[in-house]
Amino acid sequence: MTTVDADPAAVDIELSRTALLLIDMQRDFLEPGGFGDALGNDVGLLADCIAPCQALLEAAREAGVLVIHTREGHRTDLSDVHGTKQERCAMGKRIGDAGPMGRILVRGEPGHALVDALAPLPGEPVVDKPGKGAFFATDLDLLLRRAGIDNLLVCGVTTEVCVSSTVREASDRGYRVVVPGDCCASYFPAFHDAALAMISAQGGIFGVVTEGATLVAALRHSTSAP
Ligand code: TIU
């Protein structure tokens, strides 16, 4: 067991039953010309979470913790985009429109790729998801259950959209959720703060919140323990 200091209370996690989930660390959200940009956001606000995610990713790999990456995106014929999802991005370019990183939020396009700093290693599952929550219309739950996972370390973008949706889905499915706040980011700093507060409030209603460095230290300590 590894103890992780967190808000509102420390949690004990068994690393062999823990997975690191990196949510949608894609060029479409983090770089100019993608989906985030098309929605009218300042994508530069997400850059600060890359380095803490990278440090945690390295520590997780060293500790032998299962790493799963997700990507939000759609089929090339857009047959898996709800009309309502299209309607809600009508202010700029829409999903499937051509942009500087290829067709926006479409699988296989340059913008759909994960950022270089967090590229998956061969063998690390990459879950493609059409929605905001990573459990909706994916095989994520099956992968986690088959691997005997109870605990999820959830990082990524954006805090109040795909990270929060996934955290809530995971909580309802019985996973113990740990969110390192600096490994998440939002186009709206106030929403980031509020989303983290909503997770840990009321005794940890959806999970607990910690820092990336706290998790890295816990993973390293556990790896070097006799
Ligand atoms: N718009 C926004 O904040 N986020 C998304 O559309 N998707 C994710 O959060 N991945």
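A brief report on the enclosed structure follows. Residue numbering note: each chain is counted from 1, following its sequence as written. In keeping with the model being predicted, local features are shown solely for residues with a pLDDT of at least 70 and side-chain atom pairs are shown and tallied solely at 80 or more, while totals for entire chains, interfaces and linings include all residues. Note that water and hydrogens are dropped before the side-chain values are worked out from all heavy atoms of the structure.

### A word on the overall build of the protein chain
For the protein chain, the count of helices and strands is eight helices and 11 strands. The size measure is the radius of gyration over C-alpha atoms, and the globule rule it meets is 2.2 Å times the number of residues to the 0.38 power. Relative to the globule expectation of 17 Å for 226 residues, the C-alpha radius of gyration of the protein chain, 17 Å, shows essentially globular dimensions. Summarising its shape, the C-alpha atoms of the protein chain cover approximately 55 × 35 × 30 Å along the three principal directions. Between buried and exposed lies partly exposed: a residue is buried under 20% and exposed over 50% of the maximum accessible area for its type, with that area taken using a 1.4 Å probe on protein chains only. Counting the 226 residues in the protein chain, one finds 49% classified as buried. Using a 1.4 Å probe, accessible areas were evaluated by the Shrake-Rupley method; residue-level cover was limited to the displayed protein chains. In the structure as shown, the protein chain presents an accessible area of about 9800 Å², 53% of it carried by carbon and sulfur atoms. The secondary structure listing takes helices from DSSP runs of H or I that are at least 4 residues long and strands from runs of E that are at least 2 residues long, numbered from the N terminus.

### Things to note about the packing of helix H6 (residues 159–172) against helix H7 (residues 189–204)
Working convention: axes come from line fits to C-alpha atoms, limited for helices to the stretch in contact. Angles between N-to-C directions cover 0 to 180 degrees. Across the interface, H6 lies against H7 with an axial gap of 10 Å and an inter-helix angle of 15°. As far as their axial angle goes, H7 and H6 are roughly parallel. In this structure, H6 meets H7 at a crossing whose hand is right-handed. For the pair H6 and H7, the contacting residues are Thr159, Glu160, Ser164, Val167 and Arg168 in the first and Phe191, His192, Ala195, Leu196, Met198 and Ile199 in the second. Here the residues of the contact of H6 with H7 sort into six nonpolar, three polar and two charged. Comment on the angle field: the value is read as roughly parallel under 35 degrees, roughly antiparallel over 145, roughly perpendicular from 65 to 115, and oblique elsewhere. Helix crossings are classified by the rotation of the near helix relative to the far one: an anticlockwise turn of less than a right angle makes the crossing left-handed, while a clockwise turn makes it right-handed. Residues are treated as being in contact if the distance between any of their heavy atoms lies within 4.5 Å. Any residue that is not Ala, Val, Leu, Ile, Met, Phe, Trp, Tyr, Cys, Pro, Asp, Glu, Lys or Arg is counted as polar, Gly included; the first ten are nonpolar and the last four charged.

### Some remarks on the pairing of strand E8 (residues 151–157)
Among the seven residues in E8, seven count as buried, and that is most of the element. Neither face of E8 is left uncovered, since the one carrying Asn151, Leu153, Cys155 and Val157 and the one carrying Leu152, Val154 and Gly156 both have all their residues buried. Where E8 lies against strand E9 (residues 176–180), three bridges are found, and the strand directions are parallel. Bridging from a neighbouring strand, Asn151 pairs with Arg176 of E9. Handedness of a crossover is defined as follows: orient the strands so they point away from the viewer, and if the path from the first strand over the helix to the second runs clockwise, the crossover is right-handed. Following the backbone out of E8, through H6 and into the adjacent parallel E9, one traces a crossover that is right-handed. Should DSSP find at least two bridges between two strands, the strands are taken to pair. As judged from the two bridges shared by E8 and strand E10 (residues 184–185), these two strands associate in the parallel manner. Opposite Gly156, over in E10, you have Cys184 as the bridge partner.

### Points about the site of the ligand
Nearness is defined per residue: one heavy atom within 4 Å of the molecule or strand is enough. As a structural note, the neighbourhood of the ligand is formed by Asp24, Phe29, Phe35, Leu39, Glu72, Lys132, Val157, Thr158, Val161, Cys162 and Tyr187. Between the ligand and the protein, one listed contact pairs a nitrogen atom with a side-chain N or O atom of Glu72 at 2.9 Å. Lys132 is positioned such that a nitrogen or oxygen atom in its side chain is 2.9 Å from an oxygen atom of the ligand. Relative to its unbound accessible surface of 280 Å², the ligand loses 93% to contact with the protein. Side-chain atoms alone can form a polar contact between residues adjacent in sequence; in general such a contact is a pair of N or O atoms within 3.5 Å, and within protein one must be able to donate a hydrogen while the other accepts it.

### Comments concerning unusual backbone geometry
Cis geometry marks the peptide bond from Asp7 to Pro8, where omega comes out at 10°. Among the structural elements, Pro8 can be located in the loop between strand E1 (2–4) and strand E2 (11–13). The omega angle of the peptide bond from Val157 to Thr158 is -10°, so this bond is cis rather than trans. Relative to the helices and strands, Thr158 resides in the loop between E8 and H6. The backbone of Asp24 shows a phi angle near 55°, a positive value even though the residue is not glycine. Locating Asp24 in the fold gives a position in the loop between strand E3 (18–23) and helix H1 (27–30).

### Some thoughts on helix H3 (residues 50–63)
The end-to-end C-alpha separation of H3 is 20 Å, in line with the 20 Å expected for 14 residues at 1.5 Å each. Among the residues of H3, Ile50, Pro52, Cys53, Leu56, Leu57, Ala59, Ala60 and Ala63 are the ones counted as buried. A helix is expected to reach a length of 1.5 Å times the quantity of its residues less one.

### Re H7
Look at H7: 21 Å from first C-alpha to last across 16 residues, which is about the 22 Å you get at 1.5 Å a residue. The bend reported for a residue corresponds to the angle between axes fitted to the seven residues ending at that residue and the seven starting there. In the structure, H7 departs most strongly from a straight axis at Ala197, where the bend amounts to approximately 30°. Residues of H7 that are buried: His192, Ala195, Leu196, Ile199 and Ser200. Residues of H7 that are buried sit in contact with H6, E9, E10 and strand E11 (208–210).

No statement about biological role is implied by the geometric values presented.
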